[in-house]
Amino acid sequence: MYLSFEQLTKRYGEVTALQDVTFGVERSEFVSLLGPSGCGKTTTLLLLAGFEQPTSGRILLEGRDLSELPPEKRGVGMVFQHYALFPHMTVAENIAFGLVHGVTKRFSRSEAMSRVDRLLDMIDLAPLRKRKPAELSAGQQQRVAIARSLAPEPRVLCLDEPLSALDALLRERLRLEIRRLQRELGLTVLYVTHDQEEALAISDRVVVMNQGKILQIGTPWEVYDRPATRFVAGFIGKGSLLDGEVVATGGQIVFKVTSGAKMAVPADCWCGASPPRAGHRLGVLLRSERVRVTLSNDEDGRSDSSRLGLSGRLEEVEFLGAQCRLQISGPAGNLVATAPAAEIGAWQARLGSKVTVFGRVDDVRLVPW
Ligand code: ATP
């Protein structure tokens, strides 16, 4: 493994910011740390960069324990949400700064200038090279900050919520740009975000964290489709997450939800580590795009062996563009469904109606409580 975090724990007095955090990053991999505020994402980066020391555990980069190295010798580049460009320097001088006052290696003036030219081309800012930061838009400033951190060829690039100060459209455009740069240069990136959509869109793998601990590590599809815990199921993606109970196990898992609806699903619908036991509570996840909703008059709402039927009342229809999202309340809990706007947009006139949400057996996911 190129970069390894081994049983990393960090305490600040009474606060445990990280507990036993262990994961690895391959060379040229893009890994996101995803979790709510205060879960320990930034602390992980600060320990890697050497700005904080772990209480216990260690970090290895290419097999070498980083605790032996001061921050300036680690080869870790950092970009923060609030980029600190030097206001009195031009764009080109800002990017060149890390090269001339280099940390990983020292570059001659001519080498430095040709690297700056190449980076300016890559971030599409060559014509603005003589401007000062105050003469740039927020998105342009952030691109300069990224180019500046890339200039000295860091062994690992850490990006801490680099886009969260920007508007939604710019965020989407810049995240594509960051991904393109990462691929072109073969960069190893650790990317911190609390935005699940951003993490899923940009990463090779996602590390989901909460309260200083890792809950799941996987590809975007794995954490979305097979969340390992109830927290991950609720934090990532949209869906109905219902309170359920295991009735029986064997070749299949039989469960019931609080409304009484019961169903048998294949054992591989279970996303947890150790198998569930009869009587255990579990979370029943139905992703919003995989359920079908009918007005109850249209169809009988009972479950059968191929689908789980949940009745409810249509509370809200949100128009999202191509799709609409339905918010439904029912005896099993709050339900969410999405469907093409062309099919259900007109349901805005049916608020308060009885509806039935159907989940097919293979689309049900059961998660540890
Ligand atoms: P955010 O998304 O809000 O930046 P985060 O996931 O990056 O959050 P951290 O900044 O790593 O979270 O903080 C983890 C925990 O450690 C939090 O409870 C925080 O209050 C605490 N913490 C961080 N730095 C210190 C410090 N210097 N002294 C005391 N507690 C700290």
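The shown structure was predicted, so the numbers you read here are calculated from the model rather than taken from an experiment.

1. Thoughts on the side chain of Gln216
Step number 1: If you trace the backbone, Gln216 turns up in strand β10 (residues 213-218).
Step number 2: When its relative accessible area of 11% is taken as the criterion, Gln216 is described as buried.
Step number 3: Reaching out from Gln216, the side chain makes a polar contact with the backbone nitrogen of Ala228 at a distance of 2.7 Å.
Step number 4: The contacts of Gln216, once residues within four sequence positions are left out, are Val206, Val207, Val208, Glu222, Val223, Arg226, Pro227, Ala228 and Val232.

2. Side note on the sheet that holds strand β8 (residues 189-193)
Step number 1: Read across the sheet, 6 strands follow the order β6-β7-β8-β3-β9-β10 without closing on themselves; strand pairing throughout is mixed. Each of the sheet's edge strands pairs with one partner strand only, and the pair in question is β6 (76-79) and β10. Here the average twist between neighbouring strands, direction ignored, is 20 degrees.
Step number 2: Note: β6 against strand β7 (residues 156-160), 4 bridges, orientation parallel. Considered in β7, the bridge of Val79 is made with Leu159.
Step number 3: Along the sheet, helix α1 (residues 41-49) makes contact with β3 (30-34), β6, β7, β8 and β9 (205-210), crossing β7 at roughly 150 degrees.
Step number 4: Sitting on the sheet, helix α4 (residues 138-150) is in contact with β6 and β7, with an inclination near 170 degrees to β6.

3. Some words on the state of the cysteines
Step number 1: Scanning the model with the defined rule gives 0 disulfides in all.
Step number 2: You can see Cys158 has no disulfide; the closest cysteine sulfur is in Cys39, sitting 15 Å from it.
Step number 3: Counting only cysteine sulfurs, Cys269 is the nearest neighbor of Cys271, a cysteine outside any disulfide, at a range of 7.7 Å.

4. So, the sheet that holds strand β1 (residues 3-12)
Adjacent strands of a sheet form backbone hydrogen bonds with each other and so pair up, either parallel or antiparallel.
Step number 1: The strand order across the open sheet formed by 4 strands is β2-β1-β4-β5, and the pairing between neighbours is antiparallel. Across the chains shown, the open sheet's two edge strands, defined by having one partner strand only, are β2 (15-25) and β5 (64-65).
Step number 2: Bridge analysis of β1 against strand β4 (residues 56-61) gives 5 bridges, and the strand direction is antiparallel. Residue pairing across strands places Phe5 opposite Ile59, the latter belonging to β4.
Step number 3: Contacts from α1 reach β1, β2 and β4 within the one sheet, and its direction differs from that of β1 by about 110 degrees.

5. Focus: the nonpolar core
Step number 1: Counting 36 residues, the largest nonpolar core has Ile95, Leu159, Ile178 and Tyr191 as its most contacted members.
Step number 2: Put simply, the parts of the chain that give this core at least two residues each are α2 (91-100), α3 (109-122), α4, β7, α5 (168-185) and β8.
Step number 3: With sequence-adjacent residues up to four places away left out, Leu159 is seen in contact with Leu45, Val79, Ile146, Ile178, Val189, Leu190, Tyr191 and Val192.
Step number 4: The next biggest cluster of nonpolar side chains, apart from the first, holds 35 residues, and it includes Met263, Leu286, Leu295 and Ala337.

6. Observations concerning the packing of α2 against α3
Step number 1: At a minimum axis separation of 9 Å, α2 and α3 run at an interaxial angle of 130 degrees. Considering the angle they form, α2 stands oblique to α3. Regarding α2 and α3, the two cross each other, and that crossing is right-handed. Packed against α2, whose contacting residues are Val91, Ala92, Ile95, Ala96, Leu99 and Val100, the element α3 presents Arg109, Ala112, Arg115, Val116, Leu119 and Leu120 at the interface.
Step number 2: Taken together, the residues of the contact of α2 with α3 break down into 10 nonpolar, no polar and 2 charged.

About the criteria used
- Residues numbered from 1 in each chain as written.
- Predicted model: local features only at pLDDT ≥ 70, side-chain atom pairs only at ≥ 80, totals over all residues.
- Heavy atoms only, no water.
- Helix = DSSP H or I, 4+ residues; strand = E, 2+ residues; numbered from the N terminus.
- Buried < 20%, exposed > 50% of the residue type's maximum accessible area, 1.4 Å probe, protein only.
- Polar contact = N/O pair within 3.5 Å; in protein donor to acceptor, adjacent residues only side chain to side chain.
- Contact = heavy atoms within 4.5 Å.
- Pairing = 2+ DSSP bridges.
- Axes fitted to C-alpha atoms, helices over the stretch in contact; angles between N-to-C directions.
- Disulfide = S-S within 2.5 Å.
- Core = buried A, V, L, I, M, F, W, Y, C linked by side-chain atoms within 4.5 Å.
- Parallel < 35°, antiparallel > 145°, perpendicular 65-115°, else oblique.
- Left-handed = near helix turned anticlockwise from the far one by under 90°.
- Nonpolar A, V, L, I, M, F, W, Y, C, P; charged D, E, K, R; others polar.

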